[in-house]
2 protein chains.
Amino acid sequence: MHKSLAHAVDGLVVKALRTWDMVRPGERILLGASGGKDSAILARDLALKHSQGRLDAELCALHIRNDFSPDAMSARLAEEYAAWGIPLVTIDVAVIGRLKPGRKMNCYWCSTQRRTELFKYAMEHGYTTVALGHHLDDVLETLFMNMMRKAELSTMPPVIQYRKYPVRVIRPLYLVEERQILELAGELGILATTCSCGYNDRSERDRVRGRVEALTGGSSQAKRNLLESLRHISPDYLPR
Amino acid sequence: MHKSLAHAVDGLVVKALRTWDMVRPGERILLGASGGKDSAILARDLALKHSQGRLDAELCALHIRNDFSPDAMSARLAEEYAAWGIPLVTIDVAVIGRLKPGRKMNCYWCSTQRRTELFKYAMEHGYTTVALGHHLDDVLETLFMNMMRKAELSTMPPVIQYRKYPVRVIRPLYLVEERQILELAGELGILATTCSCGYNDRSERDRVRGRVEALTGGSSQAKRNLLESLRHISPDYLPR
């Protein structure tokens, strides 16, 4: 295995955990487990830190199985979670019936449904923190979608305390690039599922992702600087 | 002439003047006149507003002629300034001799030298405001250069009061796209000069400009939203 890649990802997660004070000692953390590579790499990384005594927290993964994409979590990936020492709970949620008449299914709506279920489970089972697998490219993609479509400078924050729920969301992969996740998943032989529900409407997101690649020329440093610039805002040098 | 283009540019300048309160009644404004199309369109627009009684200000244009690019302001463009009713003053400044030994000439250094001369002239001749011809594409280009290279969220502001000088800088073309300026200059038959001093090092800026085009897909709305997003910053949805 490519030691320096695993080491780099480990270091970037440590940096994110520290920079944004993501985990309080002894905290109970619920990991969202979609069946995809991002949440798998997140689970594997936190499990490793936990087993090495570098993460004082209790971990549990929750997979929300829904009725139009019931095979999102493969049996083989579920075994990986077990091998990493993370309990994986699966709950069935029928979301198709929740659609209002005349409304079409879409990824935004589906992920909101799953998010709500994650929060509900967390609150009912005493988890104070929900960890999600969003990475640096997700953050930049959302940033530019919000800037170009909504004329708003905002994105997914690394930590968010919701007002509606007594639950925090943390994103430990905030500083990790998607290419690092893909490569690491490949090296580890993690066979993740890509959502194939048939309602997939990622075309807009994929287009924006390609455009962010064009903007940065694919440079990791340019991407990291874009993210870092959001922490160094100079109001005197911006339009009011 | 394409009436709606001239009308659109006029409206965008009016909007910028109002949004950022650029001109105080009776103010004496010194326009930077490089010899290029941007400052020419700026001069023509403000002159028109002035002659129509829509701009209560006194206008004068200043061209800094330097010793390595002495033909930047063509005789024909100088005649246009006269036709627009704007006095055009030309001063000669030898900048080559100012270069420290061993330092190479570059566009940033040259523009800083000319900026300093503009401020000096303004202060010596009682101008309280210096108007520059930077447009929307310049603003976005600088934004992304600062984000990707310096990890800083900043750009050229529409109005800036310098601490070192008792002079404000305003950028009335802040909301106008370069393509609008090019097209309008073409329609008006304005023959502007492109700097050909031989030291031209715009390659980095040109690359970033092309990348901003790729990010936005050349969409005017996307560009305007990018700019507008800088005025709608959501701290709760950004990394701290």
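Here, the structure is the one placed above.
Summarised in this report is the structure supplied together with it. Given the structure is predicted, the values throughout are model-derived calculations rather than measurements. (Residues numbered from 1 in each chain as written. Chains lettered and ligands numbered in written order. Predicted model: local features only at pLDDT ≥ 70, side-chain atom pairs only at ≥ 80, totals over all residues.)

### Some details on the relation of the copies chain B and chain A
Thought 1: With an RMSD of 0.0 Å, the fit of chain B onto chain A corresponds to turning through 180 degrees and sliding 0.0 Å along the axis. The superposition operator between the copies reduces to a two-fold rotation axis.
Thought 2: Looking at chain B, 100% of its interface residues are interface residues in chain A too, so the copies touch through the same face. (Least-squares fit on C-alpha atoms with pLDDT ≥ 70 in both. Contact = placed C-beta atoms within 7 Å.)

### A closer look at the environment of Glu 58 of chain A
Residues and elements named next belong to chain A.
Thought 1: Residue position: Glu 58 is located in strand β2 (residues 57-66).
Thought 2: When the C-alpha positions of Glu 58 and Ala 78 are compared, they lie 19 Å apart, and in sequence the two are 20 residues distant.
Thought 3: Contacts of Glu 58, omitting those with residues within four sequence positions, involve Arg 28 and Ile 29. (Helix = DSSP H or I, 4+ residues; strand = E, 2+ residues; numbered from the N terminus.)

### So, the sheet that holds strand β5 (residues 159-161) of chain B
Residue and element names in this part refer to chain B.
Thought 1: Pairing is mixed across the open sheet formed by six strands, whose spatial order is β3-β2-β1-β4-β6-β5. Of all the strands in the sheet, the pair left with one neighbour each is β3 (88-93) and β5. Between one strand axis and the next, the sheet turns by 25 degrees as a mean value, whatever way the strands run.
Thought 2: Direction of pairing for strand β1 (residues 27-32) relative to strand β4 (residues 129-131): parallel, over a ladder of three bridges. In the sheet register, Leu 31 faces β4, and the bridge partner there is Ala 131.
Thought 3: Packed onto the sheet, helix α2 (residues 37-51) meets β1, β2 (57-66) and β4 and runs at close to 160 degrees relative to β2. (Pairing = 2+ DSSP bridges. Axes fitted to C-alpha atoms, helices over the stretch in contact; angles between N-to-C directions.)

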